[in-house]
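Coordinates in review
Listed here are the chains, written in short residue letters.
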Amino acid sequence: MSEKSEHSALTEGVYLILISLQVPRHGYAVMQNIEGLTAGRVILGAGTLYGAINSLLDKGWISAIGHDSTSRKKEYVITPMGKTVLHNEIKRLEALVKIGQEERLGVGNEN
Amino acid sequence: MKIKLWRFVIDVEKTEEWLNRLAAEGLHCVGFGFIAYRYYFEQGEAGAYTYRIAMLEESIGHPKSIQYIAFLKENGVECIGHVLGHVFLRKRTADGAFTLFTDRASQINNYRNMLKERKIGIMVLLVSALFYLYALIAGNINMAAGIGFISSHFHPIVIMFYACGLLLVGTVYSYIRQWRRYSARIKELQQEGALYE
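In this numbering scheme, every chain counts its residues from 1 along its sequence in written order. Chains and ligands are labelled sequentially in the order written, the chains with letters from A and the ligands with numbers from 1. Only residues with pLDDT of 70 or above have their local features reported here, since the model is predicted, and side-chain atom pairs are shown and tallied only from 80 upward, although totals for entire chains, interfaces and linings are computed over all residues. With hydrogens and water excluded, all non-hydrogen atoms of the structure serve as input to the side-chain values.

A word on a nonpolar patch on the surface
For patches, a residue must show more than 30% relative accessible area and have no salt bridge; joins then use 9 Å for like charges and 5 Å for nonpolar side chains, namely Val, Leu, Ile, Met, Phe, Trp and Tyr. Using the Shrake-Rupley algorithm and a 1.4 Å probe, accessible areas are obtained, with residue cover drawn only from the displayed protein chains. One side-chain nitrogen of Lys or Arg within 4 Å of one carboxyl oxygen of Asp or Glu is enough to make a salt bridge. A grouping of Leu-130, Leu-133, Ile-137 and Ile-141 of chain B is seen on the molecular surface, where their side chains present a nonpolar patch of about 410 Å² in accessible area. Each helix corresponds to a stretch of at least 4 residues labelled H or I by DSSP, and each strand to a stretch of at least 2 residues labelled E; elements are numbered beginning at the N terminus. Here Ile-137 of chain B shows up in helix α3 (residues 104-145).

Here it is in structure tokens:
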């Protein structure tokens, strides 16, 4: 994994795709899951999802696992490398939230 | 019963708006002629479909394009045809909003592809304009000198020639406007990108 991959922030779309692919899902199911997780705030377009899935496949963060037995749609799942990236991103986000909360408390105390 | 309507595609976004306006009235495009000037529609439930015209990065027969269209199909998007590197897509409105590009990076990438195609288009059109100007000047000189069989500006061939000239000027103007529009959008998205992820 490159240094950039380890330390760069993921886009919101990629983050949510990796979260969604902790269980095997096809493209449409990923879109629906993301919409559900974010209560409709984030809706991924099919073109955007297609580009993201291809980039994630190229990086080896997800893999294609054949077709769903009922719908014949291609399914994808997160790889161990993708899990590491996701884990690092969650830690990065937690650190950011912590900084935000501490600073906000600081501002509150001054007032 | 299929209904035929005529429209010459110059501005893709305006054509997309036109298709969606007709779809909202219950006229759903199901295909078109060779260079997308003749469109076929079927009467149906008002607003049943949403249409999008997308630019392909590769030619329609390229494996990447085939894979992309197959992916869209898996996601409930139907491809009704293609012309000059663009695919005409539709999705049932009941299945949710139909937007192809929803994040800044993919939007910028899409506008860049469209910009690239417009740039090539403008260059081809400008070369055509040079040939047209040559034919216009040579034709007028010949006419003034009484050479050839055409002696009037109102000859059907001359009228057709002038009509082609108007179409050429209109297309170049539209392409330049689209080029400026897409450049402005890319710049706007890049500026937003400096503030938001």
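That was the structure; now back to the text.
A closer look at the pattern of salt bridges
Tallied over the entire structure, the rule returns nine salt bridges over all chains. Glu-89 of chain A is paired through a salt bridge with Arg-92 of chain A; the nearest N and O atoms lie 2.9 Å apart. One end of the pair, Glu-89 of chain A, and the other, Arg-92 of chain A, are both in helix α5 (residues 80-110), three residues apart, so they sit about a helical turn from each other. Working definition: with a 1.4 Å probe on protein chains only, accessible area under 20% of the residue-type maximum means buried, over 50% means exposed, and in between means partly exposed. Looking at Glu-89 of chain A, the relative accessible area reads 4%, which means it is buried. Relative accessible area serves as the criterion here: at 28%, Arg-92 of chain A is assigned to the partly exposed category. Two residues, Arg-181 of chain B and Asp-11 of chain B, come together in a salt bridge whose shortest N-O distance is 2.5 Å. In this pair, Arg-181 of chain B is assigned in helix α4 (residues 156-193) and Asp-11 of chain B in the loop between β1 (2-6) and α1 (12-24), connecting sequence segments 170 residues apart. Residue class for Asp-11 of chain B comes out buried when judged on its relative accessible area of 7%. One network of salt bridges, with partners in common, ties together Asp-11, Glu-13, Arg-181 and Arg-185 of chain B.

Side note on the sheet that holds strand β6 (residues 86-92) of chain B
Residues and elements named next belong to chain B. A sheet is described by the order of its strands in space; here three strands give the open sequence β4-β6-β5, paired in antiparallel fashion. In the strand order of this sheet, the two ends are held by β4 (49-55) and β5 (77-83), each with one partner. Averaged over all pairs of adjacent strands, the angle between their axes in this sheet comes to 25°, without regard to strand direction. Sheet topology note: the β5/β6 ladder contains six bridges and is antiparallel. Each residue of the ladder has a partner; that of Val-77, found in β6, is Lys-91. In what follows, residue pairs with any heavy atoms lying within 4.5 Å of each other are defined as contacts. Here, axes are lines fitted to C-alpha atoms. For helices the fit covers the stretch in contact, and angles between N-to-C directions go from 0 to 180 degrees. In this fold α3 packs onto β4 and β6, with an angle of close to 60° to the strand it touches most, β4. Pairing between strands is defined by DSSP: at least two bridges between them are needed.

Brief notes about the nonpolar core
Core analysis: the biggest nonpolar cluster contains 36 residues, and Ile-17, Leu-18 and Leu-49 of chain A together with Leu-89 and Leu-100 of chain B have the highest contact counts within it. Put simply, the parts of the chain that give this core at least two residues each are α2 (12-20), α3 (27-37), α4 (46-59), β3 (74-78) and α5 of chain A together with α2 (63-74) and β6 of chain B. By residue number, the principal contributor to this core is α4 of chain A, which donates six residues. Discounting chain neighbours no more than four positions away, the residues touching Leu-100 of chain B are Gly-45, Ala-46, Gly-47 and Thr-48 of chain A together with Arg-52, Ala-54, Tyr-68, Leu-72 and Leu-89 of chain B. Buried Ala, Val, Leu, Ile, Met, Phe, Trp, Tyr and Cys residues that are joined via side-chain atoms within 4.5 Å together make up what is termed a nonpolar core. Counting 17 residues, the second largest nonpolar core, distinct from the first, contains Phe-32, Ile-53, Ile-80 and Phe-88 of chain B.

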